[in-house]
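Residues per chain, in single letters:
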Amino acid sequence: MKTWPIWLAGTIALAAVFHILTVFGLPYGIMNRAMAGIASQAGGVNKPLYPERATAESRGIVRPSPDLLYTACVYDVSVQPVKLSSPVPDTYWSLSTFASNTDNFFVVNDREVKSNRIEIILAANEEAGSGQGIPVIVAPSSKGIVLFRSLVPSEDLREEIDAKRREANCEPL
Amino acid sequence: MKLALKLVAVVVVALILGAGSALFVIRGFGLGGDIAVGPWVTSLTIGSTQADPYTRARVAVAGLLALNRDETIYFTAADDDDGEALRSGCTYKVTGSDLPARWWSVTLYGEDHYLVSNPKNLYSYGGDSVVREEDGSFVISVGPEEADRNWIPTGGQTGDTFSLTLRLYNPEPDAVRDPSAIALPRIAKETCQS
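Thresholds applied
Residues numbered from 1 in each chain as written. Chains lettered and ligands numbered in written order. Predicted model: local features only at pLDDT ≥ 70, side-chain atom pairs only at ≥ 80, totals over all residues. Heavy atoms only, no water. Helix = DSSP H or I, 4+ residues; strand = E, 2+ residues; numbered from the N terminus. Contact = heavy atoms within 4.5 Å. Areas by Shrake-Rupley, 256 points an atom, 1.4 Å probe, with all protein chains shown as cover. Buried area = accessible area lost by both parts, 1.4 Å probe. Salt bridge = Lys/Arg side-chain N within 4 Å of Asp/Glu carboxyl O. Pairing = 2+ DSSP bridges. Axes fitted to C-alpha atoms, helices over the stretch in contact; angles between N-to-C directions. Disulfide = S-S within 2.5 Å. Buried < 20%, exposed > 50% of the residue type's maximum accessible area, 1.4 Å probe, protein only. Core = buried A, V, L, I, M, F, W, Y, C linked by side-chain atoms within 4.5 Å. Phe/Tyr/Trp six-rings, centres within 6.5 Å; stacked < 30°, edge-to-face > 60°.

**Considerations on the overall build of chain B**
A tally of regular secondary structure across chain B gives 3 helices and 10 strands. Each helix and strand of chain B, placed in order from N terminus to C terminus, yields the pattern α-β-β-α-β-β-β-β-β-β-β-α-β. For chain B, the spread of C-alpha atoms along the principal axes amounts to about 80 × 45 × 30 Å. Of all intrachain contacts in chain B linking residues separated by at least 6 positions in sequence, the fraction that spans at least 24 positions is 72%. Accessible area for chain B stands at about 8900 Å²; split by element, carbon and sulfur atoms hold 53% of it.

**Describing the interface of chain B and chain A**
Listed as interface residues are 55 residues of chain B and, on the opposing side, 49 residues of chain A. Between chain B and chain A the total buried area reaches about 4600 Å² when both faces are included, carbon and sulfur atoms providing 64% of it. Its largest share of buried area at the contact with chain A, chain B owes to L65, R102 and Y114 of chain B, together 17% of the area lost on that side. At the junction of chain B and chain A, the tally comes to 3 salt bridges.

**Here we look at the sheet that holds strand β9 (residues 162-171) of chain B**
Residues and elements named next belong to chain B. The antiparallel open sheet is built from 6 strands, whose spatial order is β1-β2-β3-β9-β5-β6. Either end of the sheet is taken by a strand with one partner, and the two such strands are β1 (35-37) and β6 (124-126). Adjacent strand axes in the sheet meet at a mean angle of 20°, parallel and antiparallel pairs treated alike. Taken together, the 3 bridges between strand β5 (residues 101-110) and β6 define a ladder with antiparallel strand orientation. When the sheet's bridge partners are listed, S105 is paired in β6 with G126.

**As for the state of the cysteines**
Under the counting rule described, the total for this entry stands at 2 disulfides over all chains. For C73 of chain A, the disulfide goes to C170 of chain A, at an S-S distance of 2.0 Å. When the S-S torsion is -90°, as for the bridge of C73 of chain A with C170 of chain A, the disulfide is left-handed. Taken together, the residues span a long stretch of sequence, with C73 of chain A in strand β1 (residues 68-76) and C170 of chain A in strand β8 (residues 169-172) at a distance of 97 residues. In terms of burial, C73 of chain A and C170 of chain A fall into one category: buried. Between the sulfur of C90 of chain B and that of C192 of chain B lies a disulfide, 2.0 Å long from S to S. Because the sign of the S-S torsion sets the handedness, a value of about 100° for the bond joining C90 of chain B and C192 of chain B places this disulfide among the right-handed ones. In this pair, C90 of chain B sits in strand β4 (residues 90-96) while C192 of chain B sits in strand β10 (residues 186-192), placing the two residues 102 residues apart along the sequence.

**Points about the environment of M35 of chain A**
All names here are of chain A. Inspection of the secondary structure puts M35 in helix α1 (residues 4-42). On the basis of relative accessible area, M35 is assigned to the buried category, the value being 5%. Distance from M35 to V74, taken between C-alpha atoms, is 5.9 Å for residues 39 residues apart in sequence. Dropping the residues within four chain positions of it, M35 is found in contact with V74, S100, K143, G144 and I145.

**Brief notes about the nonpolar core**
Ranked by internal contacts, the top residues of the largest apolar core, which has 36 residues, are M31 and I145 of chain A together with L64, L65, L67 and Y169 of chain B. Listing elements by their share of this core, those giving two or more residues are α1, β1 and β7 (143-151) of chain A together with α1 (2-27) and α2 (53-62) of chain B. Top element by residues in this core is α1 of chain A. It accounts for 9 residues. Residues contacting M31 of chain A, with those up to four places away along its chain left out, are F98, A99, S100, T102 and I145 of chain A together with L64 and L65 of chain B. By size, the runner-up hydrophobic cluster in this structure holds 29 residues, among which are Y92, V94, W104 and V106 of chain B.

**A short note on the pairing of β5 of chain B**
Every other side chain in a regular strand lies on the same face of the sheet, so the side chains alternate between the two faces. All names here are of chain B. Of all 10 residues making up β5, 9 are buried, and the element is well covered by its neighbours. Sheet analysis places β5 next to β9, joined by 9 bridges and oriented antiparallel. Considered in β9, the bridge of W104 is made with L168.

**Some thoughts on the packing of aromatic side chains**
One pass over the full model with this rule turns up 6 aromatic pairs over all chains. Ring centres of Y75 of chain A and F105 of chain A lie 6.2 Å apart, and the angle between their planes is 85°; on these two criteria the pair is classed as edge-to-face. Of this pair, Y75 of chain A sits in strand β1 while F105 of chain A sits in strand β4 (residues 104-109), and the two are 30 residues apart along the sequence. Residues Y75 of chain A and F105 of chain A agree in their burial class; the two are buried. Cluster of aromatic residues (ring-pair linked, three or more members): Y92 of chain A together with W103 and Y169 of chain B.

In structure tokens, the structure reads:
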């Protein structure tokens, strides 16, 4: 009896499994690498990192915008909730959170905040972060990335906007 | 022994075929997308929790930490208006008018998805920085040779390719509803170095 059709079918089936594993696993692998890079520079999880303006030398995250100033932190809500806070500058600004599979599960911008300061709690569940009088966002994964974006519309304003974005913070509650 | 060798060969071949085909599909088309406007491409689900596994993988490779389309629409162009790959040794004119968003920008990235090194640290132009024509339109010069204004250097390695990303921050509701109806900049090739 010829066995090569069985071997061929087995190879194709196994190739399909590897294909699916790669497609599903790649986002997690790349996010894990990005989180490790941010956490190592920030001194750990739940701590903010204030990178300089993106240039050709920037190799942390692909396709950075040179027109924005970023504040980044790796959140970890597995033990306790994380408090995110920042002044809201008079320019385009947003606070966004990304799950370990890259999904952008929450974003708020300066026009939506309607205040000059924002405080938000990121928690594993609603109960864990309640009782503080601060809005609670439930994170779909225990670890992920928080990114604050501040647009620098002109060089005259860079210093002022840079100072404000350095007040953005991530800290365990 | 012979069976064990066969099994190892099957696993190796399957790994090369399976992982290789996945990486080809993911890496081969940038951010990809199901909406094309001229050479510009986007997807409605970039950054979204509704993204399919392939879009999610492409975002991880070519646009990690992208926002969802209610906040920002990202268009990417790897070709010019004639469908030819954007090459660092060529000069292009990117012409258009203000886009339907609170703020927009055009940024150049190399094949590795990072900003391209140049002596003037020029990487992008946006609604706040671009110098406009008398009628309010703009012309951005993309190429290896310095232009009088609105110049984004390509780095000038003639064999290299690059791509442009158009960001629309806080897009207008009509743009969010139907990104395919947005009048996007044209990308016309002018000259190429020999």
